[in-house]
Amino acid sequence: MSLESVESVGVPVAPTAPAAGRASARAKAARRRRLTVYAARVLVLVVVLGAWELMARNGVIDPFYFSMPSKIWDQIVQWTLHGTPQGSLGEQIWYTLYEALLGWVFGVAGGVVLGIGLGRVRFLADVFSPYIKVLNALPRIALVPIFLILFGLGPASKVASAVVLVFFPVFFNAFQGAREVDRNLVANARILGASNRRVTLQVVIPSATSWIFTSLHISFGFALIGAIVGEYLGAAKGIGLLVSMSQNTFNTAGVYAAMVILAVVALLAEGLLTFAEKRLFRWKPGDSGPGE
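Model, not experiment: these values are computed from the prediction. (Residues numbered from 1 in each chain as written. Predicted model: local features only at pLDDT ≥ 70, side-chain atom pairs only at ≥ 80, totals over all residues. Heavy atoms only, no water.)

(A) Seen up close, the overall build of the protein chain. Along its length, the protein chain carries twelve helices and zero strands. What you see in the protein chain, going N to C, is helices and strands ordered as α-α-α-α-α-α-α-α-α-α-α-α. Per-residue burial for the protein chain yields a buried fraction of 34% across its 292 residues. Of all intrachain contacts in the protein chain linking residues separated by at least 6 positions in sequence, the fraction that spans at least 24 positions is 73%. Element-wise, carbon and sulfur atoms account for 69% of the exposed surface of the protein chain, whose accessible area totals about 17900 Å². (Helix = DSSP H or I, 4+ residues; strand = E, 2+ residues; numbered from the N terminus. Buried < 20%, exposed > 50% of the residue type's maximum accessible area, 1.4 Å probe, protein only. Contact = heavy atoms within 4.5 Å. Areas by Shrake-Rupley, 256 points an atom, 1.4 Å probe, with all protein chains shown as cover.)

(B) Expanded view of the pattern of salt bridges. Within the structure shown, the criterion is met by two salt bridges. A salt bridge links Arg 57 to Glu 53, with the shortest nitrogen-to-oxygen separation between them at 2.6 Å. Here the residue Arg 57 and the residue Glu 53 both occupy positions in helix α2 (residues 17-57), the gap between them amounting to four residues, near one helical turn. Residue classification places Arg 57 among the exposed residues on the basis of a relative accessible area of 57%. (Salt bridge = Lys/Arg side-chain N within 4 Å of Asp/Glu carboxyl O.)

(C) Inspection of the side chain of Ser 67 at higher detail. Here Ser 67 lies in the loop between α3 (63-66) and α4 (69-82). Ser 67 sits in the buried class, given a relative accessible area of 2%. When sequence neighbours within four positions are dropped, the list of residues in contact with Ser 67 reads Trp 52, Ala 56, Asp 62, Ile 72, Thr 252, Ala 253 and Tyr 256.

(D) Representation of the packing of helix α6 (residues 122-137) against helix α8 (residues 155-179). Contact geometry of α6 with α8 gives a least axis separation of 13 Å together with a crossing angle of 155°. Relative to α8, the element α6 lies roughly antiparallel. Read as a crossing pair, α6 and α8 show a hand that is left-handed. Two secondary-structure elements touch here, α6 through Arg 122, Ala 125, Ile 132, Leu 135 and Asn 136 and α8 through Phe 168, Phe 171, Phe 172, Phe 175 and Arg 179. (Axes fitted to C-alpha atoms, helices over the stretch in contact; angles between N-to-C directions. Parallel < 35°, antiparallel > 145°, perpendicular 65-115°, else oblique. Left-handed = near helix turned anticlockwise from the far one by under 90°.)

(E) Quick peek at the confidence of the model for the protein chain. For the protein chain, the mean per-residue pLDDT works out to 82, and 85% of the residues sit at or above 70. The weakest mean pLDDT in the protein chain belongs to helix α1 (residues 3-8) at 47; the strongest belongs to α4 at 92. Across residues 1-8, where pLDDT falls below 50, the model places five contacts with residues more than four positions away in sequence or in other chains. Scored below 50 in pLDDT, residues 287-292 shows four contacts in the model against residues more than four places distant or in partner chains. (pLDDT = per-residue confidence, 0-100.)

(F) Representation of unusual backbone geometry within the structure. Even without a glycine there, the phi angle at Ser 67 is positive, about 55°. Backbone geometry at Phe 250 places phi at a positive 60°, although glycine is not the residue there.

Listed below in structure tokens is the structure:
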């Protein structure tokens, strides 16, 4: 039986040796590139931290204002082992993360619902477009003191701050995603008898999902910023309060230590979102970096 006849009856054919060799070579090249990228990242971090430490110790930069990596590490260790004036370090991280997560969830939900809704109904988009543009132009960080007055020093004011920072990037991505849906898909669904509700749920939302996930990567960082700024201005616990108290006591290492902790939390959240996106979009080809 010939190769063509085998393929025609659906019998799987093992890849030829040259094809298998090329696939193996590509896999090895991809692994080497990943290792090279990770090594370069570590090298950049080591060089920056080493130069910072040396310049601070030799007086090139003032350690009072810039501190130094060794003191920042000592501050993190001290908070980890002995806690902070407001309680354990884990409690402060969880308090900020709880506020940011709630604000992120509410902001994403509102942005997706309104973005898809206005993207699907052009009349509503035309009516509300100028109001949305005006609200988007407002300096949303300036609303944080108003939220503190309205909701007090508890988590509600920080959640509200996170919501207003998260909502707009998610809304505009969901809106654009709903507008960019392939019109042929919508037309085919209508020919098959799909209602507006089914078109939205089974065609528009799946098509806009990649747009929405793009906004999720940056929106969680905005949620953390909203929670931190709210805590900085007034709170009982949280990383933002650590920044504020360290600044008030001229503890520069404490300010940088809190920022490092916040950066680690943001990187972990970004990693979880990337993992979830890869699981949901297995059909998408991997991004190729420059030079590949």
